[in-house]
Amino acid sequence: MSEAQHKGRSKRRKKIIIAVVVLLLLVGMIGIWAMWGGSEKSSGSSTRYFAARRGDLTISITAKGQVTALDIVQVKSEVEGGTTIVSIVDDGTEISQEDVDANMILVELDSSRLTEQAATMEVAVAGARSGHTEALEAVGIQEMQNESDINASLLSLRFALMDFQRYLGEDIANEVIDSIDPNGAGRIDPNAVDSVDVEAIANDERLGGEALQRMRDLNSSIDLAQEQLRRARTKLDWTERLYEQEYVSLSEVEGDQFEVSRLQIDVDKALLARELFLQYEFVKQVQQLLSDYIEATRELARTEARARSRMAQAEARLLSATSTLRSQEERLVHTQEQIEKCTIRATAAGLVVYQMGGYRWDPVPVEVGMGVSERQHILSITDTGEMKVDIEVPESAIHRVHAGQRVRITLDAMADAEFGGEVLEVSRMPEPERWNSGDARLYSGEVSMLDADGNIKPGLSARVEIILDELEDVLYVPVQAVVNRGGRKICFVEEGGELVEREVETGEFNESFIEIVSGLSEGEQVCLTPPRLLDINEDGQAQAEGEDAGDEAESGDAGDQAAEIVDPCAAATAIEGELADPCAVMVESADPCSVREGIADPCAVVDDVSDPCVVMGDGSDVDGASAGQGED
């Protein structure tokens, strides 16, 4: 056996082994599914209930933020053109008032470029002298250039007058020009073209030039066409008489009639050609040539004005070159001031906090060698005695948040500690949209942080609970127990072992519970997993999917009900008679919110927050708060 055949057989053997392993895994998964699914079906769906409770309910929203100091002194670079950091004080350094009095150096920026610029200032003085000589010669050159430009404009004006005279004849052309420029000063209004009576010019016996030649050609065409038409009509008369005597056929008569019609069209075309010439072409050509003449006169005036302007500029450059030396001395003083600004000293006491550059997903650390631009924020000196939290409020809650509301603040780094405070302000305008924010609009806000000691450092992540209202002695249920159906708020209440639809009136709500104003009584058991597809019988009882509702789903009537009652744990979408349930742990699981032993509930909320889908056998309370879920 060759080596190539041996390798080919080895590869086929590996493929067979991999296929067998995959097949065994699939068989195992199918077995697990059958075991769990079968047990689920045999045991029936485990519906979850909650006993409607009366008590105090806190209405709040939660926002994330970052701790910052209330009083911050920003240290920025004032060096023009940008530079790099040569040395910088350590992040977190405490600056005392003694350090401020001693002019402690915080940042040193690279001044080598500025030092080189100062050395080249002296060389610039010699260059200024050379520039003065060049500006003096430029004045003489500009004077000769102006003379040439003016002569070229005069020649263009002469040619424009000749073109106008060639088209109308010298007599009429000169008369028209004298009418729009009686003084011969060349200051002609561009709108003077509209004041010329072109129709009178066309009928003037003195008309000559190309326009007269064109008129003669058109008149000749008309005369020729009319003569041909006259002869054709005469021939037609004879042909018709001969036809009456039966000497000619009908086709000959029709041919002469067609010839008369054709020649009549030729006459009409010739007449129309003359009319179009007089009405459009002649008018256009007269106005165009006259406009060219007027534009040539204006161009001459512009050329003379440009000549004066350029001469003035040349003289100004000469004066500028004379004052360049003084300007260079002023620039040297400015450069020396920039060198001094490369050394940034402490102006206030506090904690040094670096300002990270770059983007949020790709921050640039502040360190020696980092480039900084003019007015760039390098670091801040923060007073850690008073702190605040910068938060972002979602658009859906912005109308409920205002200054003065009480807040509770917890820090990720100090989970056991809680701080008080209040909302200081909320922006009226949303933050600019970010690439990763989707359609969400966020509003920035500030929250004061009370009882903060020196251990609270800027930049810590914070969780802020904004207290919107505190309701006393109200009836409430979990938010997932209330669903929308045709614009009504519906709960499903357990009565005699059956689920009965009950319309309720709701009030305020938070991220976990919703107030029930009317429709329920304290202690009544409400379903936490409302049926995804319902069939309401005559007694107002709800049948879950799998009973008669399944028959309706096959007929297409149950799809409307499924669109009205939404399961908070599933996006119940009717697709060809089936309901897609993304929260189901196993395919065809009776209860998508059920918790199987050893399998985590995909609808549960983690981080020490209890699962609102868990069944309390005695109808007791659901502890904790679920993840944010709106009224609808």
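Residues numbered from 1 in each chain as written. Predicted model: local features only at pLDDT ≥ 70, side-chain atom pairs only at ≥ 80, totals over all residues. Heavy atoms only, no water.

Draft legend 1. Region of interest: the overall build of the chain. Helix and strand counts for the chain stand at nine helices and 26 strands. Residues counted as buried form 34% of the 632 residues belonging to the chain. Long-range pairs, those at least 24 residues apart, make up 75% of the contacts in the chain with a sequence separation of at least 6. Accessible surface computed for the chain: about 37,700 Å², of which carbon and sulfur atoms make up 49%. (Helix = DSSP H or I, 4+ residues; strand = E, 2+ residues; numbered from the N terminus. Buried < 20%, exposed > 50% of the residue type's maximum accessible area, 1.4 Å probe, protein only. Contact = heavy atoms within 4.5 Å. Areas by Shrake-Rupley, 256 points an atom, 1.4 Å probe, with all protein chains shown as cover.)

Draft legend 2. Looking closely at the pairing of strand β17 (residues 461–478). The pairing of strand β2 (residues 53–69) with β17 spans 13 bridges and is antiparallel. Bridge pairing links Ser60 to Ile467 in β17. Strand direction decides the pairing type here: strand β14 (residues 406–411) and β17, joined by five bridges, are antiparallel. Bridge pairing in β17 links Arg408 to Glu465. (Pairing = 2+ DSSP bridges.)

Draft legend 3. Here's a closer look at the pattern of salt bridges. Counted by the stated rule, this structure contains 27 salt bridges. In this structure, Glu465 engages Arg408 in a salt bridge whose closest nitrogen and oxygen atoms are separated by 3.1 Å. With Glu465 in strand β17 and Arg408 in strand β14, this residue pair connects regions lying 57 residues apart in the sequence. Classification of Glu465 by relative accessible area gives partly exposed; the value is 22%. A relative accessible area of 24% places Arg408 in the partly exposed class. (Salt bridge = Lys/Arg side-chain N within 4 Å of Asp/Glu carboxyl O.)

Draft legend 4. Region of the structure containing the nonpolar core. In terms of nonpolar packing, the biggest core is built from 46 residues, with Val389, Ile409, Met449, Ile466, Val477 and Leu520 touching the most fellow members. A per-element tally of this core places β17 first, with nine residues. Judged by nonpolar contacts, the second largest core, of 30 residues, contains Phe164, Val198, Met215 and Leu300. (Core = buried A, V, L, I, M, F, W, Y, C linked by side-chain atoms within 4.5 Å.)

Draft legend 5. Expanded view of the sheet that holds strand β8 (residues 350–354). Strands sit in the order β3-β12-β8-β5 across an open sheet of four strands; the sheet is antiparallel. The open sheet has two free edges, formed respectively by β3 (72–76) and β5 (94–95), since each of these has just one partner strand. Where β3 lies against strand β12 (residues 377–382), five bridges are found, and the strand directions are antiparallel. Bridge pairing links Val73 to Ile381 in β12.

Draft legend 6. Main features of a nonpolar patch on the surface. Where nonpolar side chains cluster on the molecular surface, the patch consists of Ile16, Val20 and Leu24 and spans about 300 Å² of accessible area. Of note, Val20 is situated in helix α1 (residues 3–43). (Patch = residues over 30% accessible without salt bridge, like charges linked within 9 Å, V, L, I, M, F, W, Y side chains within 5 Å.)

Draft legend 7. Layout of the confidence of the model for the chain. Residues with a pLDDT of 70 or more make up 75% of the chain, whose mean pLDDT is 77. With pLDDT under 50 throughout, residues 34–45 is counted as low confidence; its partners more than four residues away or in other chains account for 13 contacts. Ignoring residues within four places in sequence, the model shows residues 543–632, a span with pLDDT below 50, making 171 contacts including any to other chains. (pLDDT = per-residue confidence, 0-100.)

Draft legend 8. Molecular detail of the packing of helix α3 (residues 112–168) against helix α4 (residues 170–180). Contact geometry of α3 with α4 gives a least axis separation of 7 Å together with a crossing angle of 125 degrees. Compared by their axis directions, α3 and α4 come out oblique. Here α3 and α4 pass one another in a crossing that is right-handed. Residue-level inspection shows Leu161, Phe164, Gln165 and Leu168 of α3 in contact with α4, the latter providing Glu170, Ile172, Ala173, Asn174, Val176 and Ile177. Tallied by class, the residues present in the contact of α3 with α4 amount to seven nonpolar, two polar and one charged. (Axes fitted to C-alpha atoms, helices over the stretch in contact; angles between N-to-C directions. Parallel < 35°, antiparallel > 145°, perpendicular 65-115°, else oblique. Left-handed = near helix turned anticlockwise from the far one by under 90°. Nonpolar A, V, L, I, M, F, W, Y, C, P; charged D, E, K, R; others polar.)

Draft legend 9. Region of interest: the packing of α3 against helix α6 (residues 209–244). Remark: α3 packs on α6, axes separated minimally by 2 Å, with the N-to-C direction vectors making an angle of 30 degrees. One finds that α3 runs roughly parallel with respect to α6. Contact residues: α3 offers Arg166, Tyr167 and Leu168, while α6 offers Gly209, Glu210 and Ala211. For the contact of α3 with α6, the residue count by class is three nonpolar, one polar and two charged.

Draft legend 10. Representation of the sheet that holds strand β4 (residues 83–88) within the structure. Strand order in the open sheet made by the four strands is β7-β6-β4-β11, with antiparallel pairing throughout. The strands lining the two open edges of the sheet, one partner per strand, are β7 (343–345) and β11 (371–372). Here β4 pairs with β11 via two bridges, running antiparallel. For Thr84, the partnering residue across the bridge sits in β11 and is Gly371.

Draft legend 11. View of the packing of aromatic side chains. Evaluated as defined, the whole model comprises four aromatic pairs. Ring plane angle 55 degrees and centroid distance 5.8 Å describe the contact between Phe277 and Phe282, whose orientation is recorded as tilted. We note that Phe277, like Phe282, is buried. Judged by centre distance (5.2 Å) and plane angle (70 degrees), the rings of Tyr476 and Phe513 are edge-to-face. Residue Tyr476 is located in strand β17, and its partner Phe513 is located in strand β21 (residues 513–518); the two are separated by 37 residues in the primary sequence. Note on accessibility: Tyr476 and Phe513 belong to one class, buried. (Phe/Tyr/Trp six-rings, centres within 6.5 Å; stacked < 30°, edge-to-face > 60°.)

Draft legend 12. Expanded view of the environment of Thr93. Summarising the element assignment, Thr93 is placed in the loop between β4 and β5. Along the chain, Thr93 and Leu106 lie 13 residues apart, while their C-alpha atoms are 10.0 Å from each other. In contact with Thr93, not counting residues within four places along its chain, are Gly350, Leu351 and Val352. A polar atom in the side chain of Thr93 sits 2.6 Å from the backbone oxygen of Asp90. (Polar contact = N/O pair within 3.5 Å; in protein donor to acceptor, adjacent residues only side chain to side chain.)

Draft legend 13. The arrangement of the side chain of Ser380 in detail. For Ser380, the position within the fold is in strand β12. A distance of 2.7 Å separates a polar atom in the side chain of Ser380 from a polar atom in the side chain of His377. Excluding its chain neighbours within four sequence positions, the residues that come into contact with Ser380 are Ile72, Val73, Gln74, Leu351, Val352 and Val353.

Draft legend 14. Region of interest: the pairing of strand β19 (residues 488–495). Sheet topology note: the strand β18 (residues 483–485)/β19 ladder contains three bridges and is antiparallel. Bridge pairing in β19 links Arg485 to Arg488. Counting the residues between successive antiparallel strands, the hairpin from β18 to β19 contains two residues, one of them, Gly486, with a positive phi of roughly 60 degrees. For β19 and strand β20 (residues 498–509), the ladder comprises seven bridges, and the chain directions are antiparallel. Bridge pairing in β20 links Cys491 to Arg502. Between β19 and β20, which pair antiparallel and follow one another directly, the connecting turn spans two residues, one of which, Gly496, has a positive phi of 60 degrees.

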